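Here's the letter readout for the chains.
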Amino acid sequence: MSVTIYHNPDCGTSRNTLAMIRNAGIEPVIVEYLKAPPTRDLLKELITRSGLTVRAALREKGAPYAELGLGNASLTDDQLLDAMQAHPILINRPFVVTPLGVRLCRPSEVVLDILHDQQKGAFAKEDGEAVIDSEGRRVC
């Protein structure tokens, strides 16, 4: 199964998502989107395929969301996409692409809905929250 994760290694949710992909025995293509941002067209496609609006894919937490006034409801999707292109940190993460679909994996266990392969063993998030039991079954 081909899997791509748009990953930020500094983000716990992104790290947990990557770990669950690997717990299914899959080594994904990892795109560190802060270093190699998706093109505008690809970003728009990821958002559309995930069933989100552009605003829902916009990361509000931290800078530069407030500084750029992106909470202004009158801003268009094109203006929001422009901001995401100029400041990739505004792209909410992680987006994961598999043959079963595209999801913004927040919370991280959303990735389980688009992985064909079963989890290979127990998995707990970095904070200790159990997600997968020793038999590879989802607990939450």
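Residues numbered from 1 in each chain as written. Predicted model: local features only at pLDDT ≥ 70, side-chain atom pairs only at ≥ 80, totals over all residues. Heavy atoms only, no water.

**With respect to the overall build of the chain**
Move 1: Broken down by element type, the chain carries 3 helices and 6 strands.
Move 2: Each helix and strand of the chain, ordered N terminal to C terminal, gives the series β-α-β-α-α-β-β-β-β.
Move 3: Within the chain, buried positions represent 46% of all 140 residues.
Move 4: Across the chain, the fraction of contacts at a sequence separation of at least 24, relative to all contacts at a separation of at least 6, is 59%. (Helix = DSSP H or I, 4+ residues; strand = E, 2+ residues; numbered from the N terminus. Buried < 20%, exposed > 50% of the residue type's maximum accessible area, 1.4 Å probe, protein only. Contact = heavy atoms within 4.5 Å.)

**As for empty space enclosed by the protein**
Move 1: The full count for this structure, using the stated rule, is 1 cavity of 30 Å³ or more.
Move 2: In this structure, the largest cavity spans a volume of roughly 40 Å³. (1 Å grid on protein atoms, 1.4 Å probe; cavity = no way out; pocket = protein on both sides within 12 Å on 5 of 7 lines; lining within 4 Å. Points joined across faces, edges and corners; volume = space filled by probe spheres on them.)

**As for the nonpolar core**
Move 1: In this structure, Tyr6, Ile47, Leu58, Leu70, Met84, Leu90 and Phe95 are the most contacted members of the largest nonpolar core, which totals 21 residues.
Move 2: Among the secondary structure elements, those contributing two or more residues to this core are helix 2 (40–49), helix 3 (77–86), strand 3 (95–98) and strand 4 (101–104).
Move 3: With 4 residues, helix 3 is the largest single contributor of residues to this core.
Move 4: When neighbours within four sequence positions are excluded, Met84 is seen to be in contact with Leu43, Ile47, Val54, Ala57, Leu58, Leu90 and Ile91.
Move 5: Grouped together as the second largest cluster of nonpolar side chains are 17 residues, Val96, Cys105, Leu115 and Ile132 included. (Core = buried A, V, L, I, M, F, W, Y, C linked by side-chain atoms within 4.5 Å.)

**A short note on the side chain of Thr17**
Move 1: Inspection of the secondary structure assignment puts Thr17 in helix 1 (residues 12–23).
Move 2: Setting aside anything within four residues of it in sequence, one finds Thr17 in contact with Ile5, Pro94, Val96, Cys105, Ser108 and Val111.

**Here we look at the environment of His87**
Move 1: Relative to the assigned elements, His87 resides in the loop between helix 3 and strand 3.
Move 2: His87 sits in the partly exposed class, given a relative accessible area of 30%.

**So, the environment of Ala122**
Move 1: Position of Ala122 relative to the elements: it lies in the loop between strand 4 and strand 5 (123–124).
Move 2: Relative accessible area serves as the criterion here: at 51%, Ala122 is assigned to the exposed category.
Move 3: Not counting chain neighbours up to four residues away, the residues in contact with Ala122 comprise Asn23, Ile132, Asp133 and Ser134.

**A few points about the state of the cysteines**
Move 1: Applying the stated criterion to the full structure yields 0 disulfides.
Move 2: Of all cysteine sulfurs in the structure, the one in Cys105 sits closest to Cys11, which takes part in no disulfide; the separation is 11 Å.
Move 3: Judged by its relative accessible area of 0%, Cys105 is buried. (Disulfide = S-S within 2.5 Å.)

**Let's talk about the pattern of salt bridges**
Move 1: Following the criterion strictly, the structure yields 11 salt bridges and no others.
Move 2: Where Arg40 meets Asp78, a salt bridge forms, and the shortest distance between an N and an O atom there is 3.0 Å. Placement of the pair is Arg40 in helix 2 and Asp78 in helix 3, with a sequence separation of 38 residues.
Move 3: Connected through salt bridges with shared partners, the residues Arg40, Asp78 and Asp82 form a single ionic network. (Salt bridge = Lys/Arg side-chain N within 4 Å of Asp/Glu carboxyl O.)

Read these as geometric descriptors, not functional statements.
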